[in-house]
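Observations on the model geometry
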Amino acid sequence: MSDNKQKARREPMPKQKVEDRVKNFNEVALGYSEEQAKSEAERCLQCPKPLCVQGCPVDIDIPGFIKLIVEGKYTEAANKIKEDDILPRMTGRVCPQEEQCEAKCILGIKHKSIAIGRLERFVADYEAKNSEVKAPEIREGKSKKVAVVGSGPAGLTVAADCARMGYDVKIFEALHKPGGVLAYGIPEFRLPKEIVGREVETLKKMGVELECNVIIGKTITIEQLFEEGYDAIFLGVGAGLPRFLGVDGENLLGVYSANEFLTRVNLMKAYKFPEYDTPINVGEKVAVVGGGNVAMDSARSALRLGAKEVHIVYRRSRQEMPARNEEIENAEEEGIIFDLLVNPVKFLGDEDGWVKSIEMLKMELGEPDNSGRRRPVPIEGSEFLYDVDTVIIAIGQNANPILLDATPEIKKNKWGYIDADSETAKTSMKGVFAGGDIVTGEATVIDAMGAGRKAARAIDEYLKTGKW
Amino acid sequence: MYKILKKEKIGPNLNKFVIEAPLVPKNYQPGQFVVLKVDEVGERIPITIAEADKNKGTITLFVQEVGKTTYKLGELEAGDSISDVVGPLGHPAKVEKVGTVVTIGGGVGTAIVYPETKAFKEAGNYVISIIGFKSKDYVMLEEEMREASDELYILTDDGSYGKKGFTTNELQELESAGRKMDLVIAIGPAIMMQRISEMTKEYNVKTIVSLNSAMMDATGMCGGCRVEVDGETKFACVDGPEFDGHKVNFDLLIKRLSTYEEQEKKALDSYHRCKIEE
């Protein structure tokens, strides 16, 4: 193969066959083989000033770990990533690399960028498969205690970093299982739950305590945590409250928020009902409203639960969809139907209160809005009826009020999220830090981890100096 | 794991549990509930806390066996454990001195109305309690309610104990007798709360109800518990569970409560069949 040709070819991701995968919840992407990983890694130019690292919210030494793959040192490569990213098996799977590291890759200008995420996943899986759960080195014990509220990506990162610095760390989780959105939100076919479990095991080996079934703001308040002797508190509680469209008929039976639908499936394992006790209703024709990753996850889950026809209903065009391209492609391959430039204005039900149709309005694209995406404008008089059995609303989330209602000392911004410094994660309450979706609104796993990383540094600084 | 310290059968398919849940009583106030899950494969269900003991770290729950989860719970004994208990959840009842308060409990709803009856009495109100049950076997918390209130009326549907009739009949009598009522608290089956709210709307007496919609996380995250109050969508878990009865869309609540009727029946049937085969 000529050098140029080799540079141009990006190793494809092996996947489960479409006809098989729509019938199971197993992971769709199967991961690179060793040969594929090596061949892909060899494409890397090893730039002296790597742009890819600039695109990474946690500054992973990307050329460094790729070089180790070329040398066949996979475990070392995984450990190199773990210096900056404690959850590489997750980020390798769910990071939007095409907008981050891979978007900056110099090869992407003329050819195709290096598949950094796939390589990350390969080495992290390799390491997990071939070695025991191992706690990273921990610095000498410090006497201070850190409470971490929420065990999603932000909380896990803060816990790991603070534990490594030698602090006593305890995580409080509201649900009965740790992981936050990794456990209840992202489906098994995209992120196997075994991975979340193993990462939590690693934390425990590092001496981090975890207590589930504790809702901070209800079971214990922030003030009580300080009274119990915690010196710093990190809030990584996630965004939480599902947003609805605010149109008539949204409370009809068979209309779900994506949060509820996905939690029933992922956390409660409703796909194994009645072996598991939690039920779910999926009719023959399902409409998922929204165009993000959560909408794709919901649509693909509905398909696996036996729906005959699953539609994505989105008010803009495909170009404006916030979902990752990879996820849109997976959905298309699996036969999800995309109904674009339409918006529900009303849900209609039968006499028992079950949703049976949606009144839709056709849209066209107008001028760009604040997000830079072209604004959808309704076409007057274009209403039409659209039959459905199940509707899933996946249009984002609002801030969860529980903790903030109980703690008025913590200032909120105008959207109801926590007003925290973007560099230090400090809130308006002394000793309390916050990061992840509860600060930024719905964002990505790696953004939350990046925020957690910064927060851990700021917590260390605060606990050393006492300066706020 | 959360250990069952005491279990007492207090009626047909009705049990009282004292469960060790050390963190729950700490901030508990009347009106709040817990979410529990019996075992690894279990469903999460909300149950209102009847009593919480801060010193012992225990909570008391009255649980009617209606579905698979509550039947599974009913089979456990003192010494057994359940996998998850989390709380206290929801806003506490707003307890204040208003004058004369009528507290109404329907069936197992009596267990929820009991701590509020006590709290309203302690706040200096004159408390009239009305509790109604299917029949004599189902009567619960009679002594406790008698002690907590100034007047107590007990009714059964079939007249096998107390007066024959429904809680609505007794409320009607109080109204006809010209009794002063400043606030009504009604907790029981949705249909009872609806009837009471319709009556008190006519009487022009403020009425608080506690809504029992289906919940999963009960922290506002899923939205499954949504109800319509004054034409607006509210989440019973974080906005409630108590609401102004005159503003609740009960028809919608009752319909939404039937969402999983079919699956629940299926789950319960297969559960009972397994039990017979065992």
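Parameters at a glance
Residues numbered from 1 in each chain as written. Chains lettered and ligands numbered in written order. Predicted model: local features only at pLDDT ≥ 70, side-chain atom pairs only at ≥ 80, totals over all residues. Heavy atoms only, no water. Pairing = 2+ DSSP bridges. Helix = DSSP H or I, 4+ residues; strand = E, 2+ residues; numbered from the N terminus. Buried < 20%, exposed > 50% of the residue type's maximum accessible area, 1.4 Å probe, protein only. Right-handed = clockwise from strand over helix to strand, strands pointing away. Arc of directions from axis to C-beta. Contact = heavy atoms within 4.5 Å. Buried area = accessible area lost by both parts, 1.4 Å probe. Salt bridge = Lys/Arg side-chain N within 4 Å of Asp/Glu carboxyl O. Polar contact = N/O pair within 3.5 Å; in protein donor to acceptor, adjacent residues only side chain to side chain.

With that settled, the discussion passes to the sheet that holds strand β11 (residues 151–156) of chain B. All names here are of chain B. The strand order β12-β11-β10-β9-β13-β14-β17 describes an open sheet built from 7 strands, whose pairing is mixed. The sheet is open, and its two borders are formed by β12 (163–164) and β17 (242–244), each paired with just one other strand. As paired strands, strand β13 (residues 183–187) and strand β14 (residues 207–210) are joined by 3 bridges and run parallel to one another. Considered in β14, the bridge of Ala186 is made with Val209.

Moving on to the pairing of β14 of chain B. Residues and elements named next belong to chain B. With burial as the criterion, each face of β14 is covered, one bearing Thr207 and Val209 and the other bearing Ile208 and Ser210. Crossover β13 to β14 through helix α5 (residues 190–203) is right-handed. Sheet analysis places β14 next to β17, joined by 3 bridges and oriented antiparallel. When the sheet's bridge partners are listed, Val209 is paired in β17 with Phe243.

Moving on, we get to helix α6 (residues 74–82) of chain A. Residue and element names in this part refer to chain A. For α6, the complete set of buried residues consists of Tyr74, Ala77, Ala78 and Ile81. Down the axis of α6, the smallest arc covering the buried residues is 100 degrees, so these residues share one side. Where the residues of α6 are buried, they touch α3 (34–42), α5 (62–70), α7 (88–94) and α10 (116–130).

Residues and elements named next belong to chain A. Of the residues making up α3, those classed as buried are Gln36, Ala37, Glu40 and Ala41. Each buried residue of α3 lies within a common arc of 125 degrees when the element is viewed along its axis, so the set occupies one face. Of the surrounding secondary structure, the elements contacted by the buried residues of α3 are α5 and α10.

A common way to report how large an interface is uses the accessible area buried once the components associate. Listed per partner, the contact involves 45 residues of chain B and 47 residues of chain A. Counting the surface lost from both chain B and chain A, the interface buries some 3,900 Å², and carbon and sulfur atoms represent 55% of this. Put simply, chain B and chain A have 3 salt bridges between them. Put simply, Lys72 of chain B and Asp277 of chain A hold a salt bridge, and the shortest N to O gap is 2.5 Å. At the boundary of chain B and chain A, one finds 26 residue pairs in polar contact (both at pLDDT 80 or more). Listing elements by their share of the side of chain B that touches chain A, those giving two or more residues are α1 (68–74), β8 (84–89), β15 (226–229), β16 (232–235), α7 (250–257) and α8 (261–277) of chain B. Per-element tally for the side of chain B that touches chain A: the top contributor is β8 of chain B, with 6 residues.

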